[in-house]
Structures are given as C-alpha cells and as structure tokens.
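Coordinates in review
The lines below spell out each chain.
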Amino acid sequence: MSGPAPGGPGMEPRWTRGNKDGVGTAYSADSKLWYTLWSGIATEVYYPTIDRPQVRDLQFLVTDGETFFHEEKRHLRHRVEKLAHHALGYRVTNADPDGRYEIVKEVIGDPHLPVLLQSTTLRTKKAGGGGNIRLYALCAPHLEVGGWGNSAYSVEVAGRKLLVAKKRDTWMAIGATVPFTKTSCGYVGRSDGWTDISSDLKMDWEYESADDGNVALTAELPTVDAFTLALSFGETLHRSVTALLQSLSIPFASQKARFLEQWERPTRHILPLEASSGDGGDLYHTSCSVILAHEDKSYPGAVIASLSIPWGEVRGDDDQGGYHLVWTRDLVQAAMGLLAAGDTETPWRALIYLAVSQHQNGSFPQNFWVDGEAYWSGIQLDEASFPIILAWRLAEAKALRGFDPFVMVMRAAKFIVGFGPSTGQDRWEEVGGFSPSTLASNIAALCCAADFARRRGDSQLAAFFEDYSDFLESHLEAWTTAPDPRRHFIRVRPADPEVDGPGRDAVALANRGPGSRAEFSAEEILDAGFLELVRFGIRSPDDPTVRASVELVDGALKVDTPFGPCWRRYNHDGYGQRDDGTAYRDGWGRGRAWPLLTAERGNYEFAAGKSAAAYIRAMERFASEAGLLPEQVWDAKDIPEAHMWLGKPTGSAMPLVWAHAEYIKLLRSVHDGEPFDRIRCVYERYSSRRGRDVEVWKPNRQVKRARKSSKLKVVAEEPFVLRHSFDGWKTAKDAPSAHVSAGIDFADLSPEGAALVFTFYWPARGAWEGKDYAIDFF
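Being a predicted model, the structure only gives us computed values, none of them experimental.

1. A short note on the sheet that holds strand β26 (residues 558–561)
- Judged by pairing direction, the sheet is antiparallel, and its 3 strands sit side by side in the order β26-β27-β28 without closing on themselves. With partners counted over all chains shown, the strands left at the sheet margins are β26 and β28 (593–594), one partner each.
- Direction of pairing for β26 relative to strand β27 (residues 564–568): antiparallel, over a ladder of 4 bridges. Its bridge partner being in β27, Lys-558 is matched across the sheet by Trp-567.
- Against the sheet, helix α15 (residues 595–607) touches β27 and β28, its axis set at about 110 degrees to β27.

Okay, here's the thing in structure tokens:
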C-alpha cells in the first residue's frame, strides 16, 4: 500500500518507558544531544534548544516472517554495559529468550552534530531457527514535547531513502549505513508498522505520509550482520538530513573514539575519590558525567533536575514539564556535587546562571525552563538560601573568577529576612510553615551573607544578618519540635498568618488517594529534614533532640532492602508507585524510599564519627546496571508482573541529579575526613554555643510575646522612627531606625518592663502609622 496513511490521528500518545529493569544515559559532549536508554531498549532522545525538547521512542521489531514476532523492549532479555568508565555511552545486548538471535547495540552521540548513532550487530544461530531474521526500525516521534501534531514522511534525498518527521519548525530524520528496503509512515495503533508486522509477520504497508497526529515511522533493514542506524535533528528538513548524512559518512569506530575522548576530557581533573567508594569509583565517575549531561548547552549553567518524566507511561501531552526543568535547590545540589569532585567551572557557570534568573525581589522561581521562564510559582525559602551558600563556597575556593555575586547575595538575604521565617513550601513542595530543613538553609545562608558583608567592610550589615540568623536559630526548637514521646523535630509546623509564629496544628498532605485521610496533626508527620541542621554545623550530631528524632524517623520511615537501608520522605506520603505496583497517576499513590536520603543519612553518621561505608555501598547498589540513581526504589514485597522488586527502581525519575550529587558529597566527606557540606562560618558560630536570644517584629510578623532576656529587633523596608513606651505611654522615647545597605531598616530595643507599646512615624511619607502595637515580655 502506498499514499497517505489511513486511521489518523492515531491512539493517545504516552511517554513510552518499556520495562523498568535498568536505565542508561548517554550524551554527546559537544553537541546538544541527550538520550536515555530505558532497559537498554527503547531510546528516548532529548534535543534541548530547550524550549523545544525532543523525545523519541526508537526500537527494533524482529520476526522470521513465519513463526514469531518480537518487540525489542518487551520480549527480549537485556544487558546494559558502559562503553568506558567515564563516558555515558552504552553497549546494549538484547537476546531472544529461545536463543535464536541477539542484537548488540553500541549507542553514542555524534561528537559534533545533533545525531544519535546506534551501531547494530545482529547475531543469529541458523541451527536454532534464526536464519531468516529480519529487523525493522520503529520510531514514534514526540516532537516539541508532545505526541499529537506530528507529521511523518518517506523521502528520497541524494539517492537515499529516508524517514523524516516534523512538528512546527522542528525536524527529525532517520537513516542507516545500509539502504532501507521498505519504509512506511502511519498512525499509532491504526496504520503504523507495529500494527502491520505483528498481524502477519511481514511488512505489507508502505505509506508515504501521515500528517498531523500521533505517528510512527517504520523501516525494513536488509539482511546484513552489521550496520549503523542514525537519528538526527534540525530546525529545517535540510539541516536534519544534512547532519544525518554527514554523520553516517564517518565510520562508527572513529565517531566512538572521538566520543569517548570528549567524555574523558571533562573528567580529567576530578579528584581521586575512588578509594572512598565501594565499587572502585564506577558510580563516582558515572555520577560526575550524569550531572554534566544535565547542563543545557544553550544556557550554560542551567542544570535540570532530570532528563526523565516520572511515570511517563501514563503521561500525556498536557504534562509539559516532567523533571526537565531547573529547580534552584536541585541545581545548587548538582553544583555542590561537582564542587566536591573538584570541578569549579560548572558550579561557577551555575552561580552566574542563577544570578541572571533571580527575581528583582531576591527570590527565585520554584522551578523554571532553562530560558528563565517560570513553571510553578511556589515560594520556597531554601531556594533563596542555596544560591548564597553556593556563592560562599565558590568564594572560599577562590573560584569566582571575575564574577561578583554580592548583589545577588544581598537581594536573596533581604528576601529571606522579609518573607520569613515561615516558608511558603518546604523542600518537598507541598506544605508551608516552619520547616527544620528550610530554617537550616536560611540560617546558613544568612551567616554566609554576613561573611560577604564583612569582607566588604560593612560590619553593620554583617551584624544585622547574624542577629537575624540568631533569631532563627534561637527559635528552632519552639517552632519545629514536638514533646512526645521525647522532644523531636517534625517535618513542618503551619504558621499563624497574623504573627508568623506557630499556628494551627493541622497540615493537609497532597497526593492522598480517594477517600484517604488528608489532614493530620503536624506533630504526627516526621521527616529527616532536621539533619540539615547537622549538615551545615548548626546542631551537633549528638544533640539530644537530633538523636531522638533519628530514632523516631528510623521507626517510621526506614526500609531495609537487600542492597542496604533506605528512607521514605515522610509518613503518609502519597507521591510514588501504588500498592499494586502500577504508576503514580491522577494525583495519588504511595511514597516510596528515596536513595538520596540514604546518602544524607550517611553524611549524618559520618559527622557523628561513625562509618559511612554501608551507606555508600547501598547507594552503589541502588544504581541501575547503567549507573543511574533513581528518585525512588520499591520498598515492599516483589510484584514480578509489575516489574517491582524490593530495592530496585520504581517508575519515578531516573536519573535524579540530586541523588548523584549527594553520593559524590558523601565520598568527599570520607576522603577529607570531615563533612564536606559543613559551612565554616556557621559551624564556628553555633558549634560550641547557641546564638543570642533575638526576637524580631516586622509587618508580616507582628509578634505579641517575647522573652525578657531577648534582644528585640523591629524591622521594616523603609526608614522609620519608633515611638515606644515601657509604661503604657506615661513616658515615651523615639528611636530612629538604622539603615543597612541591603535596603533594610531596623531599630534594636532591650526590654525594660513587662510590656512594650509602640507605633511608627514614616519620614518619607510624613505620616504616623495611626495604630499602636504591643508586646508582652515573660
């Protein structure tokens, strides 16, 4: 059959994942080509320009024309191997369970062009019935992040029969070093190659085009033992086809040698942390390369959270984001991981990228596309803190080069002071209030900001930030702990909007299933975010509240797997694989264990003077055979029919850059003999003593009670005169505000009686506040 394909627009598109047995990733260092091998079979390709990332499903269909039909990703046995210690290129062996044949593929990116190269060898056993094996390449393009609206064509260019696809201004082309004997374009589930060949074990249809739908391209390969299949991209048909033919014209062996050399180049100067690992440095080298692969090449410094879309098999075109977005927190974690490996250049690019992405008010988007366009709009105060910490770490390493982050740091610090102390969302992005992990990052960031100010000779500004840091530190236990059964840290405590202090006890959790309880007492919900207090040097690992919290977290969240311990995020978490092993979908599931929390726990145990070896080894064993760390692992009994195995990856994101970064930092801690994430100025301030007792009143935190022993700080964003009285207005004093260069005004008072009343005069407006405020002392 020829002409246009019938049956448009095709079946509902999904982000095909295949089985969940293992994952690999490869990246062409000098082009813009990323691709992920799910189970080493179906190949998903991202070509980030990056507002138009591309995704593909590319695999072989196999038949002898008489007795069987195999879909490569579903029916074969798979083995994935890295091509080199440091390179994200892979050798994938897919074998017929009956032993008639195996397909060996080496997958790399062209070293210079936006082309995926797949060297393919077909090995058959004629005695076992494999003498008539035919291969068919099947590709389902999801151009510009969507399966709908794609068009496919069979074309002839320069005497070569090729398959091409387009969507708006994006083109893709497929060709091989051997001529296609047949080609066809069809609509998925209606007139595509899978539907054709699976029906009678032959390729009967040869449709020339399939316009505007969910399409698939099919090519019959000649009966040869070896060939190279290539897939290219471009903004025009001419560009994509030119790149394709140029790439195929160079021997694969030459391309591979150059590819491996390019990957060796950026890892040439990383620190020798292999001795701290349990696998000879294998996951260490892969982790460095995985993080580098997630940096966009059009926007240097933009490291996305993951190239994956979690549970992609149930996602449609309406899910545009996935994890291929920038989260400020994840980006800084990635930068810190590379810094721990000895790379200062990538973290430096990341810092400049963040400075450009910062909002004028000092905040950062919750997450955003690499061009800076915001995606979600939540306010997470840790995401204002982490860029300050990164800037400080680079300053300590003398790696800022000619870039001055001072303005960025001051704006972010001012935002922390002005918006906090409660956060709009904690690090798990669901609940707001007083979060131990967020407050830890805020305290650390303000100490770093104070250090920056003091280096500039601004001792007044430095003292202000240190006072505010002391204010946060002195309230940690009051805001974020519960008394029973022993005093311990909780995940988050909601804030009273009138005083920005602890408010109602109830928290509403997201991702809960239909009919499930969603509201809980804040004191019921545990997570290990308090370990950030130890990480930065704010609390000792032997602090009684920390130790009690560790014990409770282990009882509620720890999972023992065949590969080592792992922890869930918090109790009653609904973000994860469902109990029957099916995907998280429709906004609910059950939260599973996160390997990155194993690395976090390893860092805590190391800080406590214990061995981190078991945690390092667990991380290495949680990785797929291709060396990728998942966001979550299955934490229940095996469900073979759902491909769920205790301690093995679920359908969540893989790789997760944050997890790889935590692993590297743990190795560096062991290598150095001290915690890598400990911040010197924070540790020096709080390790041997607690900060001063400071209370803060500001327009968004109108505190009504304070300790008599506290230093009271009244803060505003414009100059004021504070008229105040400690005897009920029998006498009054005026205290002009002091102004610091970050754009903050404040006045300090020491309690002189049982109560304080005060009001404001605003010189710039020439007006009184017209309202009195009161604070009782106890």
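From this point on, the discussion continues.
2. Considering the pattern of salt bridges
- Across all of its chains, the model carries 67 salt bridges by this definition.
- Between Arg-692 and Asp-470 there is a salt bridge, and its shortest N-O distance comes to 3.8 Å. One end of the pair, Arg-692, is in the loop between α18 (680–686) and β29 (694–697); the other, Asp-470, is in helix α11 (residues 459–474), and 222 residues separate them in sequence.
- Put simply, Lys-665 and Glu-662 hold a salt bridge, and the shortest N to O gap is 3.7 Å. You can see Lys-665 and its partner Glu-662 sitting in helix α17 (residues 657–672), 3 residues apart, about one turn around the helix. Each of the two residues, Lys-665 as well as Glu-662, counts as buried.

3. Observations concerning the sheet that holds strand β34 (residues 738–740)
- Pairing is mixed in the open sheet, where 4 strands are placed in the order β29-β31-β35-β34. Each edge of the sheet is formed by a strand with only one pairing partner; in this case those strands are β29 and β34. Pairs of neighbouring strands in the sheet enclose a mean axial angle of 30 degrees, with direction left out of account.
- Across 3 bridges, β34 lies against strand β35 (residues 744–749) in antiparallel orientation.

4. Section: the nonpolar core
- Counting residues in hydrophobic clusters, the biggest one holds 175 residues, and the most contacted among them are Tyr-284, Ile-388, Phe-465, Phe-530 and Ile-679.
- In this structure, Phe-530 is in contact with Pro-436, Phe-489, Val-546, Ser-549, Val-550 and Val-553, ignoring residues within four places of it in sequence.
- Grouped together as the second largest cluster of nonpolar side chains are 37 residues, Val-62, Phe-68, Leu-76 and Ala-152 included.

Conventions used here
Residues numbered from 1 in each chain as written. Predicted model: local features only at pLDDT ≥ 70, side-chain atom pairs only at ≥ 80, totals over all residues. Heavy atoms only, no water. Pairing = 2+ DSSP bridges. Helix = DSSP H or I, 4+ residues; strand = E, 2+ residues; numbered from the N terminus. Contact = heavy atoms within 4.5 Å. Axes fitted to C-alpha atoms, helices over the stretch in contact; angles between N-to-C directions. Salt bridge = Lys/Arg side-chain N within 4 Å of Asp/Glu carboxyl O. Buried < 20%, exposed > 50% of the residue type's maximum accessible area, 1.4 Å probe, protein only. Core = buried A, V, L, I, M, F, W, Y, C linked by side-chain atoms within 4.5 Å.

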